[in-house]
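Report on the structure
Listed here are the chains, written in short residue letters.
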Amino acid sequence: MFYMEDADLIKQSNESVPNVELKTETASGKKQTDNFITEIKPQKERIEWIVVLRAFACMAVIMNHVLGWFYLDTVDVSNRTNYSLVRALINEVLIQPFICFAIPAFFMISGCLLLDPKRDVTIKKIIKYIIRMLSIILIFCFFYTFCYRITDYLFYVENFSLKLFIFNLPKIFWESFCNLILKFNAYHLWYLCVLIGLYVITPILRIFIKHSDQKTVKFVLLMLFITTSLIPTLNNYFNLNIINFAEVSSFVFMYLIGYFIINTKYIKSTYIYWGGLIGFIVYIIACCFNVGDQLDVFMIMEAMMIIKLLSTNKIKIKTNKIINCVSKYSLGIYIVHPFWLIILNSLKIYFTIFPLIIGEIVFFAYALIMSLLTSMILYRLPLIKKLFK
C-alpha cells in the first residue's frame, strides 16, 4: 500500500509540470504537436483522488479478510448447511467483485508515484523505504506470532491455569522470537515483502521509463500482460497447462502499468474503460464457479479502470473527515486489523450469528473502528510513528 512513498512524494507541493510535446511540421508548413504525456496536474488535485482511493482500498482489504474468516467457520464441507453455502455464494458474487480491486490498485499507485521521472526518487530514499518496510515486517511478525501463541494457551490448552500461563510467558516470548525466522505468521504482510522487491528494481524501471519510446513501452507492457496475467488466469480458469516461457511476477506488471495509465496516453482511455467493465463482469461469472482470484487478469483490468476514472475526475468523490482519517492511518489499519479478527475467531464468534449482509457489515465496522483507534494510539508512540511516517 503506497505508504512510505506517500509522505515524501505526495507532499512535493503544488508544482505543475508542463506537457512533453513533440513538434513536427506538416506538408503545408504548419506546426503540429503530438502530445504523448498528459499534463501533470498540480499536486493538490492529484492528492485528493489518491487519498480517496487509499481509504476505499484499505476498507476493501478489511472486508475481504472479514469474509475470509467466514470460510474458516465453514471449512468442513460436511458441516455446511444450505444457508451457509448460499451465504458464501452471495458473498462471492455480490461483494468480492467490488473489493478485490484493492491490491492491484495499491501496486499501481505505488508505480505511479515512484516511477515518475519528474519525481525526486533517489537511491537514498529507496534504501530508507526498504529499511522502514523491513522494520515493520519484523516488529509485527513477532507481534502476531506472539499473539497466536498467547491465544493457543488461553483458548486451546486444557486445564488452563493463570499461574502456569504467567510462568510460561518467557517461553512463549522465546518461541515467538524463534518462529519469527522459521515461520511467517503475519499472513497479510506478504504485500510489504513484495513491495520491498519492487523498491529494489525501481531504479532500473525508472531508467527504462526515462529512455524508452512509445513503441518499446507498448511492446513490454503487452508481453508482461500476456505472461504475468493472461496466461496464469487462463490456466486457473480452464484448468489448462499453457507453458509460460517468459514468466515474470505479475506485481512488476501492475507496478509499471500504474505509471503509464496515469501519466501517459500510451493506452487509450476507451480500452481501459471497456477492459475494466468486461473484467468486472467476467470476474462475477468466475466467482459463481469458484475460480476467481483477486490478482487475476480481470481484477487487474478492473483496478486499471477505477484508477483511470478517479485520476481523470470521471468519477469525483470529495474527501471528508472519515475518508481523510482512514487514509491517514491506512498503514496502521492494514497491519492491526487481523488482530481484532483473531480475537473473535479465538472466541469462536463469527458473523454468521447475524442475518445475511448484516453480519458482514457489523464485523467490517468492528474491525475498521477498532483498527482505526488502535492505529491512532500506535501513531503516538515515538518508534512506530517514525516508521509509519
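Residues numbered from 1 in each chain as written. Predicted model: local features only at pLDDT ≥ 70, side-chain atom pairs only at ≥ 80, totals over all residues. Heavy atoms only, no water.

**Examining unusual backbone geometry**
Residues other than glycine predominantly adopt negative phi, and peptide bonds predominantly adopt the trans conformation. Even without being glycine, N313 reaches a positive phi, approximately 65°. Note that N313 resides in the loop between α12 (297-311) and α13 (321-328). (Helix = DSSP H or I, 4+ residues; strand = E, 2+ residues; numbered from the N terminus.)

**Quick word on the environment of I204**
One can find I204 in helix α8 (residues 190-211). Residue classification places I204 among the exposed positions, given a relative accessible area of 59%. Once the C-alpha coordinates of I204 and L115 are considered, the two residues, 89 residues apart in sequence, prove to be 9.7 Å apart. (Buried < 20%, exposed > 50% of the residue type's maximum accessible area, 1.4 Å probe, protein only.)

**Observations concerning the packing of helix α5 (residues 123-155) against α8**
Direction vectors running N to C along α5 and α8 enclose 165°, while the axes themselves pass 10 Å from each other. Judged by the inter-axis angle, α5 sits roughly antiparallel to α8. As α5 packs across α8, the resulting crossing turns out to be left-handed. Contacts between α5 and α8 involve I123, I126, Y129, I130, M133, L134, I136 and I137 from the former and L192, C193, L195, I196, Y199, V200, T202 and P203 from the latter. Of the residues belonging to the contact of α5 with α8, the class tally is 15 nonpolar, 1 polar and no charged. (Axes fitted to C-alpha atoms, helices over the stretch in contact; angles between N-to-C directions. Parallel < 35°, antiparallel > 145°, perpendicular 65-115°, else oblique. Left-handed = near helix turned anticlockwise from the far one by under 90°. Contact = heavy atoms within 4.5 Å. Nonpolar A, V, L, I, M, F, W, Y, C, P; charged D, E, K, R; others polar.)

**Focus: the confidence of the model for the protein**
With 81% of its residues at a pLDDT of 70 or more, the protein shows a mean pLDDT of 80. Low pLDDT, under 50, characterises residues 12-46; the predicted model gives this stretch 63 contacts beyond four residues in sequence or across chains. Low pLDDT, under 50, characterises residues 74-80; the stretch is placed with 5 contacts to residues that sit more than four places away or in other chains. (pLDDT = per-residue confidence, 0-100.)

**Examining the nonpolar core**
Residues M108, I307, I335 and F388 are the most contacted members of the largest nonpolar core, which totals 103 residues. Ranked by the residues each element gives to this core, the list is headed by helix α2 (residues 43-73), at 15 residues. (Core = buried A, V, L, I, M, F, W, Y, C linked by side-chain atoms within 4.5 Å.)

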